[in-house]
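Chain by chain, the residues:
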Amino acid sequence: MPTNIMELPFIKGLDLCEQFFGEAVRPLLNHHFPRLRYAAGRLGGGSDVLGFDTPQSRDHDWGPRGTLFLAEADFDQLAPAIDQLLREKLPTTFHGYPTHYGRHPDGAYNLEFIDAGPVNHMIKITTAERFAQAYLALDLSRPLRPVDWLCLPSQHLATVRNGRLFHDSLGEMTRLRQTLHFYPHDVWLYLLAGQWTRIAQEDVFVSRTGDVGDDLGSRIIAGRQVQNIMRLAFLLEKKYAPYSKWFGTAFAQLDCAADLAPIFDRVWQAASWKSREAALNEAYLYLARRHNKSQLTDPLPAEVGFFHERPYRVIHTDQYADALYAQIQDPEVRALPRGLGNLDQLSDSTDILSAAWRFPKFASLFDSENL
């Protein structure tokens, strides 16, 4: 028996989990609970859920695992029995990988070889309602409001959309994934407008800082603007942006990445603020043309001009935000404060974006009476 996980042939985590369910978990459920209605899949946190896992990912929180979603009425009675069944009957290895999990000193789970069961498996047993509450802070008993969408980090939405359901005889998780596939149209317009606003708020600062000799400040703001451009690109292509570790990897898969990446290289390589300004304006213009092609608003000027009477060049990106806000029809979305966007546009704090219990606490930010 091998003792080093890293020496085993690598298989993408989602594929391993689906095969594990089909070959090891499903037969046990069919035999011992033949009338059970449930869903099964690999959703939630983990690089494997996004499809970005590599051989290195196997050192923690990776392996043959998944989630069983029971009906709420069955949970209290059946969850303990199913958990015990899996502990006693699952094989100790699957396709060479252990099915038993231990704990790293830092709290992460890691695969461990054992000679015999019981298996400390990583098949989490829950319900659609409990998963939605624990992972997304959503109450499935009521429809999503626009403010609920704004309090959902795109990383969490991405790991629901991009994960995989292996089986669903209840339909609840299928419906949840369909609902969360992408933002409602007017919420999308609001987020697009918010992202254009973020660009407009700092586009000229790249030039102004450079003009007073603060090249470091100019470069820092340029980096922020590149990130803003990338987030706008995700929104325009109707994709959820993952968190920072996989942000660039996921961006590279967008249709516009091949065109924008060389422009970003010119931003990084710029030796002066003027060449940096020119490269960023090229990127802004590219997205402006994408905006016009989308026909979300009437065509807008996609041209570079001066910032008032100052010698700095901009494309007046605020006009795109204004035009998008004007297209919003939903009165609840129209009542939202301009410029805020969603939780990702408000904060990059890991302690906020990774803690579902904190998400609803930000709803009051979008109440105009509290601003």
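Since we're looking at a predicted model, the values are computed, not measured.

Caption draft 1: Focus on the overall build of the chain. Helix and strand counts for the chain come out as 17 helices and ten strands. With the C-alpha coordinates aligned to their principal axes, the bounding extent of the chain is approximately 75 × 50 × 35 Å. Within the chain, buried positions represent 52% of all 371 residues. Approximately 17,700 Å² of the chain is accessible, and the part contributed by carbon and sulfur atoms is 50%. Considering the chain, the positive charge centre built from 38 side chains and the negative charge centre built from 45 side chains are found 1 Å apart.

Caption draft 2: Structural context of helix α11 (residues 244-251). For α11, the set of buried residues is Trp-246, Phe-247, Ala-250 and Phe-251. Looking straight down α11, one finds its buried side chains confined to an arc of 140 degrees; they lie on one side. In this structure, the buried side of α11 is in contact with α2 (47-50), α10 (215-236) and α12 (257-269).

Caption draft 3: View of helix α3 (residues 72-89). Taking 1.5 Å of rise per residue, the 18 residues of α3 would be expected to cover 26 Å, and the 25 Å separating its terminal C-alpha atoms lies within 8% of that figure. Leu-78 marks the point of greatest bend in α3, at about 55 degrees, and the proline Pro-80 comes within the next four residues. Listed in full, the buried residues belonging to α3 are Phe-75, Leu-78, Ala-79, Ile-82, Leu-85 and Leu-86. Looking at the buried residues of α3, the elements they touch are α1 (13-32), β2 (66-70), β7 (123-127) and α4 (128-136).

Caption draft 4: Region of interest: the packing of aromatic side chains. Following the criterion strictly, the structure yields 19 aromatic pairs and no others. Between Phe-182 and Tyr-183, the aromatic rings sit 5.0 Å apart at their centres with planes inclined by 65 degrees, giving edge-to-face as the arrangement. For Phe-182, a relative accessible area of 11% translates into the label buried. On the basis of relative accessible area, Tyr-183 is assigned to the buried category, the value being 7%. Within the aromatic cluster, the residues linked to one another by ring pairs are Trp-149, Phe-182, Tyr-183, Trp-188 and Tyr-240. For Arg-103, the ring lying beneath its charged end belongs to Tyr-109, and the centroid distance is 3.8 Å. The lysine or arginine in question, Lys-238, covers the ring of Trp-188, its NZ or CZ lying 4.4 Å from the ring centre.

Caption draft 5: The environment of Asn-292, seen in detail. As for its placement among the helices and strands, Asn-292 is situated in helix α13 (residues 273-294). Along the sequence, Asn-292 and Thr-54 sit 238 residues apart, while their C-alpha atoms lie 38 Å from each other. Discounting chain neighbours no more than four positions away, the residues touching Asn-292 are Asp-298, Pro-299, Leu-300, Ala-302 and Tyr-320. At 2.9 Å, the side chain of Asn-292 and the backbone oxygen of Leu-300 are in polar contact.

Basis of the calculations
Residues numbered from 1 in each chain as written. Predicted model: local features only at pLDDT ≥ 70, side-chain atom pairs only at ≥ 80, totals over all residues. Heavy atoms only, no water. Helix = DSSP H or I, 4+ residues; strand = E, 2+ residues; numbered from the N terminus. Buried < 20%, exposed > 50% of the residue type's maximum accessible area, 1.4 Å probe, protein only. Areas by Shrake-Rupley, 256 points an atom, 1.4 Å probe, with all protein chains shown as cover. Lys, Arg positive; Asp, Glu negative; His and termini not counted. Charge placed at Lys NZ, Arg CZ, Asp CG, Glu CD. Arc of directions from axis to C-beta. Contact = heavy atoms within 4.5 Å. Expected span 1.5 Å × (residues − 1). Bend = angle between axes of the 7 residues up to and from the residue. Phe/Tyr/Trp six-rings, centres within 6.5 Å; stacked < 30°, edge-to-face > 60°. Lys NZ or Arg CZ within 6 Å of the ring centre and 35° of its normal. Polar contact = N/O pair within 3.5 Å; in protein donor to acceptor, adjacent residues only side chain to side chain.

Note that all results are geometric; they support no functional claim without further evidence.
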